[in-house]
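Next come the chains, spelled out residue by residue.
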Amino acid sequence: MRERNVKSVVGLLTLVFVALLSGCQQVKEIPDDIPEQLPNPVRDFTEKDDYIIGLNWYKQWNYGIAAKYWKPLAAEGDCDALYALGLLYFEGLGVGRSYDKAIELWTRSAGQGQAQAQISLGVVYARLDLPYTSLDCTRGCGTEKELPEAYKWFGIARQIGSPREKQIAEDSLNKIIREMTPEEVGKGDSLVNGWKPDPSRCGTRGYFIVAP
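Residue numbers restart at each chain and count upward from 1, following the sequence in its written direction. Owing to the predicted nature of the model, reporting of local features is limited to residues with pLDDT of at least 70; listing and counting of side-chain atom pairs is limited to 80 or more, with chain, interface and lining totals taken over all residues. Hydrogen atoms and water are omitted, and side-chain values are computed over all heavy atoms in the structure.

Student: Is there a simple way to think about the overall build of the protein in this case?
Tutor: Strands are runs of DSSP state E lasting at least 2 residues, helices are runs of H or I lasting at least 4, and numbering of each runs from the N terminus. Of regular secondary structure, the protein possesses 10 helices and 0 strands. In the protein, the succession of α and β elements from N to C terminus is α-α-α-α-α-α-α-α-α-α. Buried means the residue's accessible area, taken with a 1.4 Å probe over protein chains only, is under 20% of the maximum for its type, while exposed means over 50%, and partly exposed covers the values in between. Counting over 212 residues, the protein shows a buried share of 43%. Taking the contacts inside the protein whose residues are at least 6 apart along the sequence as the reference set, 57% of them involve residues at least 24 apart. Put simply, the protein shows about 11,700 Å² of open surface, and 51% of that area lies on carbon and sulfur atoms. Note on contacts: a residue pair is in contact if any heavy atoms of the two residues lie within 4.5 Å. Note on areas: these come from Shrake-Rupley sampling with a 1.4 Å probe, and a residue is covered only by the protein chains present in the view.

Printed below as a string of structure tokens:
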């Protein structure tokens, strides 16, 4: 008798959980072609920020699904989504590889003050590699080497980024300054000092992600 009561309680709790989960599923429309089993169903159905949901999928190596969440945000000009989607295009993760598309997205993001996008552009224009990541442009990433432009983006990131971003930008600047003439450094300083957010300064979420 006791065992039957325990089974009844467990069955009831299961039904309640399924009902609650079904109710949560109606809150957010999930893009097509996403597997039924999410990395964490409760977290993803209650999270309201599609960028964070995409980031959760990114961390699970489901890049195509991450792109589905980030593309609409990027189209609206979300600076974090622009950066993250550019990273996928740079690596060809979940989307076709395109350096041109990555640079376009990073430029839009960096222009709003997204420091990770600024660092990425610096890597591209300086033909550097970013240690402990797969951001390697030592052989070129679809554009000419432009040290003053790289200096600009590293210099801005050094001013506005998080402590970690500032350190990466500082280290990168120290590398490229050795190759630059005084005239190039002067031009870089002018670009840094003349920069203003376009169209306006974005509020980044503070999640540092790099190419896996």
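Student: Help me understand the packing of aromatic side chains, please; the structure alone is not making it clear to me.
Tutor: Think of a pair of aromatic rings as described by two things: how far the centres are apart, and how the planes are tilted against each other in angle. Aromatic pairing here means that ring centres of Phe, Tyr or Trp (its six-membered ring) are within 6.5 Å. Orientation follows from the plane angle: under 30 degrees is stacked, over 60 is edge-to-face, and everything else is tilted. For the structure on display, the rule yields 6 aromatic pairs. Seen in terms of ring centroids, Tyr 58 and Trp 70 are 5.9 Å apart; in terms of plane orientation they differ by 40 degrees. Their pairing is tilted. Of the two residues, Tyr 58 is situated in helix α3 (residues 50–59) and Trp 70 in helix α4 (residues 63–75); the sequence distance between them amounts to 12 residues. Summarising the burial analysis for this pair, Tyr 58 and Trp 70 share the class buried. Aromatic rings pair up to connect Tyr 51, Tyr 58, Tyr 63 and Trp 70 into one cluster.

Student: I would appreciate a short explanation of the packing of helix α7 (residues 115–126) against helix α8 (residues 147–160) in the present structure.
Tutor: In a pair of packed helices, the angle between the axes and the distance between the axes together describe the arrangement. Geometry is summarised by axes, namely lines fitted to C-alpha atoms with helices restricted to the contacting stretch, and by angles between N-to-C directions that run from 0 to 180 degrees. It is at 8 Å that the axes of α7 and α8 come closest, and there the two elements cross at 155 degrees. By the criterion of interaxial angle, the relationship of α7 to α8 is roughly antiparallel. Taken as a pair, α7 and α8 cross one another with a handedness that is left-handed. Between α7 and α8, the contacting residues are Ala 115, Gln 118, Ile 119, Leu 121, Gly 122, Val 123, Tyr 125 and Ala 126 on the first element and Leu 147, Glu 149, Ala 150, Trp 153, Phe 154, Ile 156, Ala 157 and Ile 160 on the second. Each residue gets one label: Ala, Val, Leu, Ile, Met, Phe, Trp, Tyr, Cys and Pro are nonpolar, Asp, Glu, Lys and Arg are charged, and the others, such as Gly, are polar. Here the residues of the contact of α7 with α8 are counted per class, giving 13 nonpolar, 2 polar and 1 charged. Under this scheme an angle from 65 to 115 degrees is roughly perpendicular, one under 35 degrees roughly parallel, and one over 145 degrees roughly antiparallel; angles in between are oblique. Handedness of each helix crossing follows the sense of rotation of the near helix against the far helix: counterclockwise by less than a right angle gives left-handed, clockwise gives right-handed.

Student: Where do I start with the side chain of Ser 120 in this structure?
Tutor: Inspection of the secondary structure assignment puts Ser 120 in helix α7. Among the polar contacts made by the side chain of Ser 120, one reaches the main-chain carbonyl oxygen of Gln 116 at a distance of 2.9 Å. Setting aside residues up to four positions removed in sequence, Ser 120 forms contacts with Tyr 83, Trp 106 and Leu 135. Residues adjacent in sequence count toward polar contacts only when both atoms are side-chain atoms; beyond that, a polar contact is any pair of N or O atoms within 3.5 Å, and within protein one must be able to donate a hydrogen and the other to accept it.

Student: Teacher, can you tell me more about the confidence of the model for the protein here?
Tutor: Low-pLDDT portions of the prediction should not be read for the details of their coordinates. Note: pLDDT gives the predictor's confidence per residue, expressed from 0 to 100. Per-chain confidence: the protein averages 82 in pLDDT, with 76% of residues scoring 70 or above. Across residues 1–30, confidence stays below pLDDT 50; counting only partners more than four residues off in sequence or on other chains, it has 12 contacts.

Student: I tried to follow the nonpolar core on my own but got confused; where do I start?
Tutor: Taken as a class, soluble globular proteins show a tendency for nonpolar side chains to be buried jointly. With 57 residues, the main nonpolar core has Tyr 51, Tyr 58, Trp 70, Leu 88, Trp 106, Phe 154 and Ile 176 as its most contacted residues. Broken down by secondary-structure element, the contributors of at least two residues to this core are α3, α4, α5 (79–91), α6 (99–111), α7, α8 and α9 (163–177). Counting residues per element, this core draws most heavily on α5, at 9 residues. Excluding residues within four positions of it along the chain, Phe 154 makes contact with Ile 119, Gly 122, Val 123, Ala 126, Leu 128, Ala 169, Ser 172, Leu 173 and Ile 176. By nonpolar core we mean a set of buried residues, namely Ala, Val, Leu, Ile, Met, Phe, Trp, Tyr and Cys, connected to one another through side-chain atoms within 4.5 Å.

Student: Honestly, the environment of Arg 127 in this entry has me stumped. Any pointers?
Tutor: Locating Arg 127 in the fold gives a position in the loop between α7 and α8. For Arg 127, the contacting residues outside a window of four places in its chain are Cys 137, Thr 138, Gly 140, Thr 143, Glu 144 and Lys 145.

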